[in-house]
Amino acid sequence: MKPPVFALVGHPNKGKSSLAATLARDDSVRIGPEPGTTTFAREYPLRVANQVLYVLVDTPGFQRARAALAWMREHETHAADRPAVVARFVREKSDDPHFRDEWELLRPVVDGAGIIYVVDGATPYGPEYEAEMEILRWTGKPSLAVINPIGEPRFVEPWRRALEQFFRIVRVVDVHQAPFAQQVELLQAFGQMSESWVPAINQAVAALSSHRQQQAEDAARVIAELLADALTHRETRALAKDADPAPYREGLEQAYRRHLRQLERRARREVEALYNFDELDREEVDMAPLETDLLSQESWLAFGLEKRDLVVAGAATGAVAGGVIDVALLGASFLTGALVGSAVGGAAVYFASDKLADLKVLHQPMGGTRAVYGPTRNVQFPFVLLSRALHHHRLVAARTHAQRGKLSLENEAPGFPDDDTRRWAKLFQRLRKTEAGTGARASAVVDLTDAIAALTRTAG
């Protein structure tokens, strides 16, 4: 099945290129605030799993619509002849610099593309647009109009009344901010333009929706791997027998923190790549909420983690450890182990919630010792790391490819999106007990991925 082609046409600087970037999910589309950024028609195919679902053609804006329409009227004989007159214009004006933009704009339409006419709902409607719409009507091609409310949508209704006289389908879409669901609705409207495009558009919508779910699940896996790596990481240094480890503490702690931050940044890049953001501006200064010291108590509090909640998590973690004792005693302890573990875990959080990891000294089998920093036993840490990862994922999943500014992080700190703190604490506790490459680790990561995917699927 040949993919449908849609030409994005209209006045300069009304959002054609932004719509191409959003619907093609392509951040290589040139977008600029000044008119004339797009000078040639260029195709942007949307591919999912190496299959082209549809093609968008970004075009220059109309520059001499009235003159072009006047030429066409001079050559018109009757109404049925109008599509042929437009095709003749394209044939005869290919080398005419006076109509260069109109030729670039109309060529894909004459070749069979559907018309997506884009206007700005923040600027008033004027009769100068009627020549453009009249030319598009003369082509006889399936068409649709998009009102893009750039800034204040003050003139949407006058635009709607005017456009409905020329186009059967009119939609209001902020092409910079349109969430995924609205993008799908717009695509479905594309399918209404021509019955012959319905199967292809339905296939595209199904493929995009499936791909969207896969992106959310893959992001969950990336985040679960981040947590697994961070919760089991340790920094070590070999020491001579009976050497004092104290001088090495600061260096090991710095290396430990640096590694955790590298893990988080690598995970962010992987999540961005999943959503086709290869050129996302990640200037550190403007990413303060995500670049805040991951290990600071301010960061924990900023992400909605109150001490009361974390004491509950600590109690749950302690109860898991205590439960192991009960099992070992075949129940003879009457669950005393779980109760004691719960109390100890909760108390540990309450009195030592700002402690990340300890420096330990381990003796080597062949003599000598090792100074070891980590892994962290801090109960808050995985909650903070997961909250930050989910926050970053929400921003990336909701971002369109027409947004070219830096990743904008709102000052409002998101809370942890699940009230079941005990369940998460138990999942984290399982991860802590695993080693890289083990079956236990793989199993724990799978279960954590499933839990996180329930949250990432609802983003964007």
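Cut-offs applied
- Residues numbered from 1 in each chain as written.
- Predicted model: local features only at pLDDT ≥ 70, side-chain atom pairs only at ≥ 80, totals over all residues.
- Heavy atoms only, no water.
- Helix = DSSP H or I, 4+ residues; strand = E, 2+ residues; numbered from the N terminus.
- Buried < 20%, exposed > 50% of the residue type's maximum accessible area, 1.4 Å probe, protein only.
- Contact = heavy atoms within 4.5 Å.
- Pairing = 2+ DSSP bridges.
- Axes fitted to C-alpha atoms, helices over the stretch in contact; angles between N-to-C directions.
- Salt bridge = Lys/Arg side-chain N within 4 Å of Asp/Glu carboxyl O.
- Right-handed = clockwise from strand over helix to strand, strands pointing away.
- pLDDT = per-residue confidence, 0-100.
- Core = buried A, V, L, I, M, F, W, Y, C linked by side-chain atoms within 4.5 Å.

Looking up the protein in an unreviewed UniProt entry gives the name DUF3482 domain-containing protein, with the organism given as Actomonas aquatica.

Q: What exactly am I supposed to notice about the overall build of the protein here?
A: From N to C terminus, the protein includes 16 helices and nine strands. Residue burial in the protein is summarised as follows: out of 460 residues, 50% are buried. For the protein, the proportion of contacts with a sequence separation of at least 24, taken over those separated by at least 6, is 72%.

Q: What's the story with the sheet that holds strand E7 (residues 235-239) in this structure? I'm lost.
A: Read from one edge of the open sheet, three strands run E7-E9-E8, paired in antiparallel fashion. Edge positions in the open sheet fall to E7 and strand E8 (359-363), since each of these has one partner strand only. In this sheet, adjacent strand axes meet at a mean angle of 25° when their direction is disregarded. When E7 meets strand E9 (residues 369-373), the two strands line up antiparallel, connected through five bridges. Considered in E9, the bridge of Ala 238 is made with Arg 370.

Q: What am I meant to see in the pattern of salt bridges here?
A: Any two side chains of opposite charge can pair, on the condition that their charged atoms come close. As enumerated under the stated definition, the model contains 17 salt bridges in all. The salt bridge partner of Arg 100 is Glu 104, with a shortest N-O separation of 2.9 Å. One end of the pair is Arg 100 and the other is Glu 104, both in helix H4 (residues 100-110) and four residues apart, which spans about a single turn. Across the salt bridge formed by Arg 160 and Glu 157, the nearest N and O atoms sit 3.4 Å from each other. Pair noted here: Arg 160 and Glu 157 are both in helix H6 (residues 156-163), with a separation of three residues, about one helical turn.

Q: Looking at this structure, I do not really get the pairing of strand E4 (residues 114-120). What am I missing?
A: The side chains of a regular strand alternate between the sheet's two faces. Most of E4 is tucked away, with seven of its seven residues classed as buried. Taking every second residue as pointing to the same face, both faces of E4 are buried, with Gly 114, Ile 116, Val 118 and Asp 120 on one and Ile 115, Tyr 117 and Val 119 on the other. Alignment of strand E1 (residues 5-10) against E4, held across five bridges, turns out to be parallel. If you follow Phe 6 over to E4, its bridge partner there is Gly 114. Where E4 lies against strand E5 (residues 143-148), six bridges are found, and the strand directions are parallel. Bridging across to E5, Ile 115 finds its partner in Ser 143. Handedness of the E4-helix H5 (residues 128-139)-E5 crossover: right-handed.

Q: Got a minute to help me understand the confidence of the model for the protein in this structure?
A: On average, the protein scores 85 in pLDDT, and the residues at 70 or more come to 81%. Across residues 349-353, where pLDDT falls below 50, the model places 14 contacts with residues more than four positions away in sequence or in other chains.

Q: What should I look at first to understand the sheet that holds E4 in this one?
A: Backbone-to-backbone hydrogen bonds pair the strands of a sheet. The strands run either parallel or antiparallel. Across the sheet, six strands lie side by side as E2-E3-E1-E4-E5-E6; this open sheet has mixed pairing. Each edge of the open sheet carries a strand with a single partner, namely strand E2 (42-48) and strand E6 (170-172). Here the average twist between neighbouring strands, direction ignored, is 25°. Packed onto the sheet, helix H1 (residues 16-24) meets E1, E2, strand E3 (51-58), E4 and E5 and runs at close to 175° relative to E3. In this fold H6 packs onto E4, E5 and E6, with an angle of close to 170° to the strand it touches most, E5.

Q: In this structure, what is going on with the nonpolar core? I would like to understand it.
A: Considering soluble globular proteins, one finds that nonpolar side chains tend to be buried as a cluster. Leu 227, Leu 386, Trp 424, Phe 428, Leu 431, Leu 448 and Ile 452 are the most contacted members of the largest nonpolar core, which has 50 residues in total. At the level of secondary structure, the elements contributing two or more residues to this core comprise helix H8 (198-232), helix H9 (249-274), E9, helix H14 (380-398), helix H15 (421-432) and helix H16 (439-456). Beyond its immediate sequence surroundings of up to four residues, Trp 424 is in contact with Phe 383, Leu 386, Phe 416, Asp 418, Leu 448, Ala 451, Ile 452 and Leu 455. Counting 37 residues, the second largest nonpolar core, distinct from the first, contains Ala 113, Met 133, Ile 135 and Val 170.

Q: I would appreciate a short explanation of the environment of Leu 53 in the present structure.
A: Take Leu 53: it is sitting in strand E3. When the C-alpha atoms of Leu 53 and Gln 203 are compared, they prove to be 7.7 Å apart, with 150 residues separating the residues in sequence. With residues up to four places along the chain from it excluded, the contact list for Leu 53 reads Pro 3, Pro 4, Leu 46, Val 48, Ala 204, Ala 207 and Leu 208.

Q: Which parts of the structure should I look at to understand the environment of Arg 266?
A: The topology assignment puts Arg 266 in helix H9. A residue is classified by how much of its surface remains accessible, and Arg 266, at 38% relative accessible area, is partly exposed. Taking the C-alpha atoms as reference points, Arg 266 and Leu 226, separated by 40 residues in sequence, lie 8.7 Å from one another.

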